[in-house]
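Report on the structure
Now for the letters of each chain:
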Amino acid sequence: MEADLQSRMTHDSSADFDLDQIYRLSIPAGRKGKYRWAQFDDYLDKPRKKFEWKTPTSLSVEARCDNSNHLGTWGFGFWNDPFNTSLGVKGSVRRLPVLPNCAWFFFASHHNYLSFEDKLPAQGFLAATFSSPTIPSIFFAPTLPFLPLLISKHFAQCARRVLAGFVKQDALLIDIDVTQWHTFQIDWHAHQAQFLIDDQIILSTTISPKGKLGIVIWVDNQFAAFKPDGQISFGTLASQEATTLELKNLVLK
């Protein structure tokens, strides 16, 4: 199967591929407060019910990132775009938030804290899954008036514990040289997800995402953190060097 991948980017970034089908996503160095982002995906212009991918599906790709000290995030895999990261891209579909479902390889710099489970790694280069009930987004509308209460650390801690009850997750911190080419594979089944690097299984988990998902490949300078003490922070990071993520031999089956 082939994914109909579309390129998205901010004006000072680039997302393209050459005749050898090497996908390159690059963002420049720059100041904080300015979002820098490059992405390939197949879902941004679709409602979630028309996302393409469901179990059983396997993604295999060779990838490398030239900046092992990247500030922000990058990665590739499957997800349901739970927070609607359309970012005003022309032709994108506006969607209400839902609970996250994903299976991906994900790099997050130390500014991030992306876990509701204290025992799991929340930053670094991860193989990770989130599995949540596929509750229609309209049912979250009554909770919107309570969002300002998240400035209270006590309320935020309670909310984090509630979310941990609904959102199951698994993650493994990966220790490899990301600047070198490696082969990455995600095997997504209804009740299991497996992650492989260079044909070796590194994580096998029964916490598998639900519903239909989209393909996402991206690099940006964003961070988000929801820490155990209830502290919530998000924004963009300054960087002194550019970052390029390269991928080739992308296969979906």
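Attention here is on the structure that accompanies the text. (Residues numbered from 1 in each chain as written. Predicted model: local features only at pLDDT ≥ 70, side-chain atom pairs only at ≥ 80, totals over all residues. Heavy atoms only, no water.)

1. With respect to the nonpolar core
Applicable threshold: Here, nonpolar core means buried Ala, Val, Leu, Ile, Met, Phe, Trp, Tyr and Cys residues that are tied together by side-chain atoms lying within 4.5 Å of each other. Note on classification: 1.4 Å probe, protein chains only; a residue is buried when its accessible area is under 20% of the maximum for its type, exposed when over 50%, partly exposed between these limits. For helices the rule is a DSSP run of H or I covering at least 4 residues; for strands it is a run of E covering at least 2, with both sets numbered from the N terminus onward.
Leu-25, Trp-74, Phe-76, Phe-78, Phe-105 and Leu-247 are the most contacted members of the largest nonpolar core, which totals 37 residues. Residue contributions to this core peak at four residues, all from strand E5 (residues 57-65). Counting 20 residues, the second-largest nonpolar core is a separate cluster that includes Phe-51, Trp-104, Leu-126 and Phe-226.

2. Details of unusual backbone geometry
That bond from Thr-55 to Pro-56 is cis: its omega, -10 degrees, falls within 30 degrees of zero. The residue Pro-56 is located in the loop between strand E4 (37-41) and E5 in this model. Phi at Asp-81 takes a positive value of approximately 45 degrees, unusual for a residue other than glycine. Along the chain, the position of Asp-81 falls in the loop between strand E6 (73-79) and strand E7 (102-108). Taking relative accessible area as the criterion, Asp-81 reaches 0% and is therefore assigned buried. One non-glycine residue, Asp-199, lies in positive phi territory at about 70 degrees. Its location among the elements puts Asp-199 in the loop between strand E11 (193-197) and strand E12 (200-205).

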